[in-house]
Number of protein chains: 2
Amino acid sequence: MASSSWEEFFAVHLPPPDYEDNRSLLKEFCERHEQYGNKIVLVTSGGTTVPLEHNTVRFVDNFSAGTRGSASAEYFLEHGYAVIFMHRQKSLEPFTRHFSGQKLLDMLDIQERGPNTTITVKPDSVDVLAPILLRYKAAHAAGAILHVSFTTVSDYFWLLRAACECLAYLGPRAMLYLAAAVSDFYIPKDKVPTHKMQSASGPPVIQLHLVPKMLAPLVNLWVPTAYVVSFKLETDENLLIPKARLALEKYKHKMVVANLLQSRHHRVILVSPESTQELVLTREEVHAGVDIESAIVAEIVRLHSDHLSLMGESFSPPRSPR
Amino acid sequence: MASSSWEEFFAVHLPPPDYEDNRSLLKEFCERHEQYGNKIVLVTSGGTTVPLEHNTVRFVDNFSAGTRGSASAEYFLEHGYAVIFMHRQKSLEPFTRHFSGQKLLDMLDIQERGPNTTITVKPDSVDVLAPILLRYKAAHAAGAILHVSFTTVSDYFWLLRAACECLAYLGPRAMLYLAAAVSDFYIPKDKVPTHKMQSASGPPVIQLHLVPKMLAPLVNLWVPTAYVVSFKLETDENLLIPKARLALEKYKHKMVVANLLQSRHHRVILVSPESTQELVLTREEVHAGVDIESAIVAEIVRLHSDHLSLMGESFSPPRSPR
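Residues numbered from 1 in each chain as written. Chains lettered and ligands numbered in written order. Predicted model: local features only at pLDDT ≥ 70, side-chain atom pairs only at ≥ 80, totals over all residues. Heavy atoms only, no water.

## What to know about the pairing of strand 12 (residues 227–234) of chain B
Residue and element names in this part refer to chain B.
Move 1: Across the eight residues of strand 12, seven count as buried, placing the element largely inside the fold.
Move 2: By the bridge criterion, four bridges tie strand 8 (residues 174–178) to strand 12 in an arrangement that is parallel. For Leu176, the partnering residue across the bridge sits in strand 12 and is Val228.
Move 3: Summarising the sheet, strand 12 and strand 13 (residues 255–260) pair through six bridges and their orientation is parallel. Following the sheet pairing, Val229 is matched in strand 13 by Met255.
Move 4: What joins strand 12 to strand 13 is helix 8 (residues 237–251), and the crossover it makes is right-handed. (Buried < 20%, exposed > 50% of the residue type's maximum accessible area, 1.4 Å probe, protein only. Helix = DSSP H or I, 4+ residues; strand = E, 2+ residues; numbered from the N terminus. Pairing = 2+ DSSP bridges. Right-handed = clockwise from strand over helix to strand, strands pointing away.)

## As for the interface of chain A and chain B
The figure often quoted for interface size is the accessible area lost as the parts come together.
Move 1: Tallying the contact residues gives 59 residues for chain A and 59 residues for chain B.
Move 2: The largest contributions to the chain A side of the interface with chain B come from Leu105, Ile119 and Phe185 of chain A, which together make up 11% of the buried area.
Move 3: Remark: the boundary between chain A and chain B carries zero salt bridges.
Move 4: Inspection of the region where chain A meets chain B yields nine residue pairs in polar contact (both at pLDDT 80 or more).
Move 5: Counting residues per element, the side of chain A that touches chain B draws most heavily on helix 5 (residues 123–141) of chain A, which supplies eight residues.
Move 6: By the bridge criterion, five bridges tie strand 3 (residues 58–62) of chain A to strand 3 (residues 58–62) of chain B in an arrangement that is antiparallel. Opposite Asp61 of chain A, over in strand 3 of chain B, you have Phe59 of chain B as the bridge partner. (Contact = heavy atoms within 4.5 Å. Buried area = accessible area lost by both parts, 1.4 Å probe. Salt bridge = Lys/Arg side-chain N within 4 Å of Asp/Glu carboxyl O. Polar contact = N/O pair within 3.5 Å; in protein donor to acceptor, adjacent residues only side chain to side chain.)

## With respect to the relation of the copies chain A and chain B
Move 1: Overlay of chain A on chain B (RMSD 0.0 Å): rotation 180°, translation along the axis 0.0 Å. Both copies are brought into coincidence by an operation consistent with a two-fold rotation axis.
Move 2: A symmetric contact is evident, with 100% of the interface residues of chain A recurring at the interface of chain B. (Least-squares fit on C-alpha atoms with pLDDT ≥ 70 in both.)

## Considering the confidence of the model for chain A
Move 1: With 93% of its residues at a pLDDT of 70 or more, chain A has an overall mean of 90.
Move 2: Quick note on the complex model: pTM equals 0.88, ipTM equals 0.84. (pLDDT = per-residue confidence, 0-100.)

## Details of the nonpolar core
Nonpolar side chains in soluble globular proteins tend to be buried together.
Move 1: Among the nonpolar cores identified, the biggest contains 118 residues, and Leu176 and Leu218 of chain A together with Leu176 and Leu218 of chain B are the most heavily contacted of them.
Move 2: For Leu176 of chain B, the residues in contact, after removing those within four places along its chain, are Leu42, Cys164, Leu167, Leu218, Val223, Ala226, Tyr227, Val228 and Val229 of chain B.
Move 3: Residues Leu105, Ile110, Ile145 and Ile296 of chain B belong to the second largest nonpolar core, which totals 90 residues. (Core = buried A, V, L, I, M, F, W, Y, C linked by side-chain atoms within 4.5 Å.)

## Topic: the packing of helix 2 (residues 19–35) of chain A against helix 6 (residues 153–167) of chain A
Residues and elements named next belong to chain A.
Move 1: The geometry of helix 2 relative to helix 6 is characterised by a closest axis approach of 9 Å and an angle of 30° between their N-to-C directions. Classified by the interaxial angle, the pair formed by helix 2 and helix 6 is roughly parallel. By crossing handedness, the relation of helix 2 to helix 6 is classed as right-handed. For the pair formed by helix 2 and helix 6, the contact residues are Tyr19, Asn22, Arg23, Leu26, Lys27 and Cys30 on the first element and Trp158, Leu159, Ala162, Ala163, Glu165, Cys166 and Leu167 on the second.
Move 2: For the contact of helix 2 with helix 6, the class distribution of residues is nine nonpolar, one polar and three charged. (Axes fitted to C-alpha atoms, helices over the stretch in contact; angles between N-to-C directions. Parallel < 35°, antiparallel > 145°, perpendicular 65-115°, else oblique. Left-handed = near helix turned anticlockwise from the far one by under 90°. Nonpolar A, V, L, I, M, F, W, Y, C, P; charged D, E, K, R; others polar.)

## Topic: the sheet that holds strand 1 (residues 40–45) of chain B
Residues and elements named next belong to chain B.
Move 1: Across the sheet, eight strands lie side by side as 7-4-1-8-12-13-14-15; this open sheet has mixed pairing. Each of the sheet's edge strands pairs with one partner strand only, and the pair in question is strand 7 (145–150) and strand 15 (276–280). Neighbour-to-neighbour, the strand axes of the sheet open up by a mean angle of 15°, direction not taken into account.
Move 2: Across six bridges, the pairing between strand 1 and strand 4 (residues 82–88) is parallel. In the sheet register, Val41 faces strand 4, and the bridge partner there is Val83.

Here's what the structure looks like:
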C-alpha cells in the first residue's frame, strides 16, 4: 500500500470534536510519567465503527466487548506501568468490567433512619468488591491511568497518532499494546450519504474500501523505538500463524498476539520474529476465573524488560517540547 | 410485501440458543400479571445487529444506546404497568442507566478495620442514589419487571413473537412500545460467509436485503387487540410525518412516535390516526435533566386508558393455555 494513503486518510477525515482536549490530556500524562522514569503502555481496546450515513443511524461494527484490553490494563498497572487506556465508548473498562450496573445495585443495602439515609454494600458482597475497589482507588489516586475514548475508525486513528506523538519521547520505555478490533474496511467520506438510507429505494449495496495500514507509519515514523505489540484475531486456525508472521515481516514490530475467535479466552500464541509461544489456560484455571490476560501481560512485560536491558543506555530520548 | 416473507424468515433463521428459557420466563410473567388484572407493556430497546460472517467478527449495527427504552420502562413502572424489558445486550437498562460502572465505584468509600472491611456510599452521593435504588428494589421485589435480551435482528424477531404469544391473552390490556432500532436490511443466512472476510481478497461488497415488516403479522395476527405503539426515527424533517402516517395506514396500529435523530431527546411527535401531538421539553426542563420519556409515557398511558374504557367489557380474552 502506497505510503501516501495513510496521509490521505488524515487529510480527508477531520479530527473528532474532543481531539484537542484529548491531546492535552495525553501530553500531560506522558510528560508526568516520563519525569518519573515510568514505563507507559498504550492499551487500545474495543471495536471501531464505520458510519454508513453522515447523520449516523447505521454503521458497520467490529465485534469486541473490550474484554482483552480492559483486563490487560489492570495487569499492566499491577506491573507498575502507567496506562493510557484508549477504548471504544461504552466498551468494558478496567475494574468496572467485573460488574454490570445491575450487579452493583444488587450489592447495595439501603437503611432509612429518619432524615439519615445510608447505603452500604451487603457484607457478602464486600469480599468480592473490596480488592477490586482498592486497586481501582490506588490506580486513580496515583494518576496511573488515563482513559480516552473513540467510536469511529477515523476517531481511533486520530487518537492513536496523538498518543504516539507523546509516547515517542519515552523511546523504548513506551509500549503499544494494540488490542482494539480496528476495521479493515471503511467508506470514504465522499461516498457516505447524508441522510438515513430509505428502504423504499430498495436494498442498498455497500461498497467498502480498504483502510490504510496504520501500523506501517506507526512503527517506522511515529514511535520508531517503542515496543509495539499487535493482535491478530482469526476464525480459521490455518491462517493464524502465517498471517501473524506476515505482519511481523511487513511492519517489523516486536510481537503479534495471535488468537482464534472461538478460543480467545483460554488460548493465545505470542509470535515474535524469534519465537512462537503458546499460552493456554488449564480447565481448572478457566473454572477458577483466571484471566489469560494475566499470563499474556506477565510474559510481554518480561520481554519488554529484556528488550530494555539489551538497549541499555543506547537510547537517548529526543528532547520533549515542554 | 408478500405475507409469506415473514414466515420464510422464521423458517430460515433458527431461534437463539436461550429461546426456550426466555419463552418460559415470558409465559410465567404474563400469566402472573394477567391473574392480578395488571396491564403489561412490552418495551423493546436498543439496536439490532446483522452479522456479516457466521463466526461473527463484523456486523452492521443500528445506532441506539437504549436511552428511550430504558427511561420509558421506568415511567411505565411508575404508572403501575408490569414491564417486559426486551433489550439489546449491553444497552442501557432501567435504573442502572443513571450510572456507569465507574460512576458507581467513585461513589464508594472503603473502611478497613482489622478483619472487618465495610464499603459505604459517600454521604454526598446518597441523595442521588437513594431514590433510584428504592425504585429499583421496589420494582424487583414486586416482580414487576422482566429483562430479556437480544443481539441480532433474528434473535429480536424470535423473542418478539414469543412475547406476543403470551401477551395475546391480555387483549387490550397489553401494550407494545416498540422503541428498539430494528434493522431494515439484513443478509440472508445462505449469503453469509463462514469465516472472517479477508482483506487480501480485496474490499468486499455487501449486498443487503430487505427485512420483512413484522409489524404486519404482529398487528393482524399475533396481538390483534393490543395497544401497539411503533417508533419512527428519521434524519430528514420533511419525511417524518408523512412516513409516520404511511405506517399507520399500512399497519393499522394505534400510534407512531416520530422523532428526528438530531432533536430526539427534547422533541417527539405522537402521530395517531386521529391526531398529531407535539411534545417538546423547554430549555429549562432540559437543563434540569427532565426525561422527555416521562411526558411520552404519561400521554400514552392516558390514551391507553381511554382506549380501555372505550373497549369496556367488549373484550373477552381467549382462554390461557394453562
